[in-house]
Amino acid sequence: MSDSWQGPGAWDPQGVPTGSAWGQQSWPSEQAHQGYEGHHPAQQPHQGYPQQHAHPYPYPYPYPYPYPQPSQQVHQTPPHADLADAADTAGPTGPAGPAALAEPVDPVEPVEPPTAVESAEAAEAAEAAEAPDAPETPDAPEADAAADGRRRVRRAARGKGGARGKGGPRPSRRRRAGLVKVVAFCVVTAAGSLLLLRGNELLDRLGSPTVPEKAAPTPAPEPPDPGRVLQVIAHPDDDLYFMNPDLRYSISAGHPVTSVYLTSGEADGINAGSAKAATTKPDKPAYAEARQNGIRAAYAKMATGDRDSPWTRTVVPTKGGGHAEVDVLVAKPQVNLVWLQLREAGTVYDNAPDSLHGLWDGKVPRLDSMLASGTPVTQKFSYTKDQVVQTLVGILEQYRPTTVRSQDPTPGRYPNTKRYTDHQDHFYGARFVQMATAAYAKDVRDRPHFAVQNYAGYINGSLPSTLDPDEAKEKLDILGTYAWLDQQNHCNSPAGCGDLKVSDQPGGNRWSDSINYTRGTSTSWLTSDAEHGLWAFKVLDGQVAVWHRPGPVGRWKGPDLLPGTGMDPGVSTVTLPDGRIAAFGTRTSFGAKPTDYVREVVYVVQKQPGAEEFTEWQSLGTPETADETWTSDISAPAVSVDGTGQLAAYVRDGASSLRGRVQRPDGSWGPWEKYGGTDLHGSPATATDGSGRRMVFSATSKSVVGWVQPKPGAPLGQVTATGLPDTTLPLTADGREGGVRLWFRKPGSGNVRTALITGEGGLKVSQMTDLGGLQGFGSVTASGHVLAGRTAGGQLGSEAGPGRPWERSPLMFVGAPSSTMTGKNLVSLAVVGLDARLYVTSSADVPNTHLAPWQPVGPRNAPPFP
C-alpha cells in the first residue's frame with residue numbers, strides 16, 4: 001500500500017494525504033516502526049529515580065505515512081513540505097495536514113443580544129415565576145434536618161450574600177420582584193445575554209436597554225474553533241505519565257492534538273522487565289522503536305478504542321536541518337505524533353554531556369540523533385542549540401497551536417540530597433520549548449494567540465494523589481497498553497510493541513494517580529473595579545494579555561498585550577487602597593550564557609483607577625539567585641493588602657520554605673524575608689481577615705500550614721500547623737465571615753473541601769466541610785455562592801448555590817478558572833479556553849440561580865492563512 005500527496009488540503013476520506021510533490025521513499029512493511037524508552041518506575045523511589053530513563057519524541061507535522069500492516073508489502077513516503085517552508089505549504093483554509101483539517105468542535109454558540117423590550121418582558125416573566133411560597137432550595141427537602149444543617153455550613157462557607165436559613169423571614173413578593181428587576185436591569189444588561197434561573201423558572205434573554213427595539217439582524221455565527229493543542233515532551237511516555245488525563249480529555253473532545261517527542265528515549269537499550277533485564281541483549285534502536293510502538297498503541301486506544309488502529313508514517317525535513325518522523329492516525333487524522341529522535345541523557349541527574357542538558361550548557365556543540373530501528377528516517381543528523389530551537393519553531397509554525405503543553409522548566413532539587421526532583425531531559429527540554437515559543441511569538445506575526453501549560457513530573461509521586469479512582473484507573477489502563485502487558489505481537493515488529501521496562505509497574509512511582517500543574521494555578525486573575533467594570537489578566541504569547549469591560553454595561557475590549565515578554569503562565573491581581581489594580585507574575589529571561597537563565601517576580605500597576613494604561617514591569621527579583629543551586633525553582637507570587645494598606649508578595653523558594661517582600665510606605669520594597677516552613681509545595685495563598693490581618697497558607701505533602709499577622713502592619717508570625725488533613729496542591733483563600741476561608745480538594749477524590757481560619761490569638765480552624773463536586777483536579781475558584789473548578793472530563797464544573805447540584809459546562813480550559821464579585825449581588829466567572837480565548841459568564845448572588853451561557857470575548861482566535 002502506498003499513498004501520494006497532492007498538496008495542501010488534499011485528503012482522502014480516511015484522512016490520508018494523496019498526491020505527490022516531494023519525492024518518495026519506500027520500505028518493506030516488515031519494518032515495524034518503534035522507538036521509546038520508559039521511566040523505569042519499578043526501580044524508582046520517591047527521590048531516587050532510574051539512571052536510565054529514555055523517551056523518544058514524535059515530531060509534529062501533519063504529513064502522514066501509512067502505518068505498516070501485516071498485509072502491506074511496501075510503504076511509500078508521501079512527499080511533505082519542509083518545516084522551514086511551512087508558511088509556503090499552507091492552503092487557503094489552513095495548513096496541509098490533519099491538525100488543520102480536523103472536524104471542529106465549537107464549545108459555545110454565539111447568542112444574539114435581546115432587545116430592551118425583551119429585557120423588560122424577561123423581568124416580568126421572572127416576577128410571575130416567583131411563587132409566594134416556593135421553597136428556597138427545592139433540591140433539599142426542609143424535612144431533612146441533617147441536610148439542613150449541612151446547608152447552613154455551606155451557606156456560612158459562602159459568606160456574604162449566602163442563602164438565609166430555612167427558619168429566616170421571607171421577604172414579600174413585591175420585595176422579591178424588585179430584587180429580580182434590579183438584577184435583570186443592572187446585571188444582566190452588562191452580560192448582554194445573561195440567563196438567570198429563579199424558582200426553577202428560566203429568565204428570558206436580557207439585553208442592554210440602549211439596544212433599539214428593532215435591532216439589526218445579527219451576522220451569521222462565526223466558524224467554530226475548537227483550539228489546537230501541541231505537546232512537547234522529552235521522552236515517549238512523559239505525556240502518558242504527567243499530562244494525562246488532560247491528553248485523553250482533549251483527544252476525546254475532538255481537539256486537534258499533536259505530541260512532539262524530543263528524544264528517542266533509548267536508555268540502555270534493554271526492553272525487558274526486571275526479571276529478564278540481565279539476560280536481554282541491549283539494542284538502543286530497537287528499544288526506541290518499541291517505545292514508539294507503545295505510544296502509537298496508547299494514542300490509538302485513546303482516540304478510537306482500538307490499539308491497532310493504523311497510522312501513516314512520513315519523513316519530514318525540519319527547520320533545524322534534520323529530519324523528523326511524523327505519524328498521523330488514519331481514523332482520527334487530527335491526532336499527530338512527531339518524533340525528533342535526539343539522543344537522551346540516560347541518567348536522571350548525573351553529568352551526561354551528550355544530552356539536552358549538555359547542549360544547553362554548551363558542554364557539547366551538537367547533539368546527535370538516535371534513530372529508532374523501524375523509523376522511515378534513514379539519514380542521521382545532529383543539531384546545535386539554535387537548531388533545536390528552530391526545529392521547534394518550525395513545528396509551531398506548521399501546527400499553529402492555541403495551547404502549548406510542556407514539562408516544568410524549573411522543578412528544583414530535593415533540599416536534603418540536592419538532586420533534581422525531575423529528569424534532566426524533562427526540564428531542559430522544557431527550557432528549549434520556552435526559547436522556541438518566545439522566538440515563535442516574536443518572529444511569526446500571522447498566527448493565533450497561544451497559552452502555555454506546564455506539568456509537574458517525578459515529584460507527583462511524593463504528593464497526595466489528585467485523581468479519583470475511576471480517572472486513575474483510566475490513566476493506568478492507557479499506560480498498560482503502552483507497557484505492552486500482554487506481549488502479543490499486534491504491531492508486527494521484531495523490536496516489540498511496547499515498553500517492557502515499565503511493565504512491572506505501569507503506574508510508575510504513583511504517577512498514574514496524579515496530575516499537577518506547576519504554573520498558572522492562581523484564581524485571582526479576574527477582578528472587578530469600583531465602577532463594576534471587569535478586568536482579566538492571562539499570559540498569551542509570553543506576554544500578559546488584558547481584557548476589560550468598562551462598567552456594568554460596557555463593551556469588552558481585548559486581548560491587549562502589555563509590553564514585556566518572557567512572562568510565565570499565571571497572573572495574580574490585587575486592588576490597592578486607592579482603587580488601582582496591580583498584577584503580579586514571574587518572568588523568565590535568557591542570556592548568552594547558561595547561567596544567564598533567570599526567573600524573577602515582576603508586577604505592573606494601573607496608572608489611574610479604571611485606566612487602561614499600566615506602568616512598565618517592575619522587578620522584585622528572586623530569592624533564588626543561582627539557577628544551578630535550585631534551578632530557579634520559585635512559585636508564582638501570592639499577593640495581598642492588609643488593613644493598613646501594606647502590600648506584600650510571597651513565594652515558595654527552592655528550599656521549600658516561604659519567602660516574602662513587603663512594600664514600605666514610601667513605595668520601596670524591603671528585602672526577601674525568610675518566614676520558615678518546610679516541605680512546602682505549589683504556590684502559597686494569602687488573604688486578609690475582617691480585622692485586616694494578613695494570613696498566608698501553603699500546602700505540604702501531609703497537611704496545610706499557615707502564618708498570620710498579630711495585627712495589621714506587623715510582620716508575619718511563626719509558621720503554624722493548621723491540623724487540616726492532607727490536600728492536593730492548589731489552595732484558594734478569601735476573606736469571609738471575619739476570617740479567611742480556604743478551599744482545596746480531597747486527595748484521591750477530587751471533592752471540594754472548605755474550612756474557616758480565624759486569626760484572633762493565633763490560627764484556629766473551624767467549619768471543615770466537604771462540598772462534593774464532579775471529581776476533577778486543580779484549582780477551585782470561589783466568589784459569593786459560586787464555586788467552580790475542573791471536573792473529570794476536563795470541563796468546568798460549578799455549583800451556583802447551597803443545596804444545588806454541581807453542573808458541568810461544555811468548556812475545556814487552560815490553567816485555573818477565576819471569579820470575582822461584581823458589585824454586591826453578582827458573581828462573574830471566567831476561563832481561557834483551549835482556543836486561547838476568554839469566556840465569561842455571570843450569576844446573581846442569590847439563592848436558586850444558574851450560570852448564564854458562556855460568552856466568548858474578542859475575535860475568534862484563528863486568523864486566516866495567507
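Source: prediction; values computed, not measured.

Caption draft 1: A look at the overall build of the protein chain. Along the backbone of the protein chain there are 13 helices and 40 strands. Residues classed as buried in the protein chain amount to 63% of the 866 residues present. Here the contacts in the protein chain between residues at least 6 apart in sequence split such that 65% fall between residues at least 24 apart. When the accessible surface of the protein chain is summed, it comes to about 30,000 Å², and 52% of that surface belongs to carbon and sulfur atoms.

Caption draft 2: Quick look at helix α8 (residues 284-304). End to end, α8 covers 30 Å across 21 residues, agreeing with the expected 30 Å (1.5 Å per residue, within 8%). The backbone nitrogen of A286 lies 3.1 Å from a side-chain oxygen of the residue at the head of α8, namely D283. One or two residues past the end of α8 sits G305, with phi positive at roughly 85 degrees.

Caption draft 3: Looking closely at the sheet that holds strand β13 (residues 451-455). Strand order in the open sheet made by the seven strands is β7-β8-β9-β6-β5-β12-β13, with mixed pairing throughout. Both edges of this open sheet fall to β7 (311-317) and β13, since each of them pairs with a single strand only. Strand-to-strand twist of the sheet, defined as the mean angle between neighbouring strand axes without regard to direction, takes the value 20 degrees. The strands touched by helix α10 (residues 385-399) are β5 (229-233), β6 (257-263), β8 (323-329), β9 (335-342) and β12 (403-407); relative to β9, the strand with the most contacts, the crossing angle is about 170 degrees.

Caption draft 4: Fine view of helix α12 (residues 469-482). Along its 14 residues, α12 runs 20 Å from first to last C-alpha, staying within 8% of the 20 Å computed at 1.5 Å per residue. If you check which residues of α12 are buried, you get E471, A472, K475, I478, L479, G480, T481 and Y482. Residues of α12 that are buried in the fold lie against α6 (238-243), α7 (246-252) and α8. One side-chain oxygen of the residue at the start of α12 lies 3.0 Å from the amide nitrogen of D470, identifying that residue as D468. Backbone geometry just downstream of α12 places W484 in the positive-phi region, at approximately 60 degrees.

Caption draft 5: Local environment of the pattern of salt bridges. Across all of its chains, the model carries 27 salt bridges by this definition. Between D578 and R580 there is a salt bridge, with its nearest N and O atoms 2.7 Å apart. What makes D578 partly exposed here is its relative accessible area of 42%. In this structure R580 comes out as partly exposed when scored by relative accessible area, which is 23%. Connected through shared salt-bridge partners, R296, R313, E325 and D327 make up one network.

Caption draft 6: Region of interest: the packing of aromatic side chains. Under the criterion given, the structure shown has 23 aromatic pairs. Chaining the aromatic ring pairs together yields one cluster made of W360, Y420, F427, Y428, F432, F590 and Y597. Here R431 stacks its cationic end above the ring of Y428, 5.0 Å away from the centre of that ring.

Caption draft 7: Representation of the packing of α10 against helix α11 (residues 424-443) within the structure. For the pair α10 and α11, interaxial distance at closest approach is 8 Å and the crossing angle is 60 degrees. One finds that α10 runs oblique with respect to α11. α10 and α11 meet at a crossing whose hand is right-handed. Where α10 approaches α11, its residues K385, V388, V389, L392, V393, L396 and E397 are matched on the opposing element by F432, V433, M435, A436, T437, A439 and Y440.

Reading the values: the criteria
- Residues numbered from 1 in each chain as written.
- Predicted model: local features only at pLDDT ≥ 70, side-chain atom pairs only at ≥ 80, totals over all residues.
- Heavy atoms only, no water.
- Helix = DSSP H or I, 4+ residues; strand = E, 2+ residues; numbered from the N terminus.
- Buried < 20%, exposed > 50% of the residue type's maximum accessible area, 1.4 Å probe, protein only.
- Contact = heavy atoms within 4.5 Å.
- Areas by Shrake-Rupley, 256 points an atom, 1.4 Å probe, with all protein chains shown as cover.
- Expected span 1.5 Å × (residues − 1).
- Polar contact = N/O pair within 3.5 Å; in protein donor to acceptor, adjacent residues only side chain to side chain.
- Pairing = 2+ DSSP bridges.
- Axes fitted to C-alpha atoms, helices over the stretch in contact; angles between N-to-C directions.
- Salt bridge = Lys/Arg side-chain N within 4 Å of Asp/Glu carboxyl O.
- Phe/Tyr/Trp six-rings, centres within 6.5 Å; stacked < 30°, edge-to-face > 60°.
- Lys NZ or Arg CZ within 6 Å of the ring centre and 35° of its normal.
- Parallel < 35°, antiparallel > 145°, perpendicular 65-115°, else oblique.
- Left-handed = near helix turned anticlockwise from the far one by under 90°.

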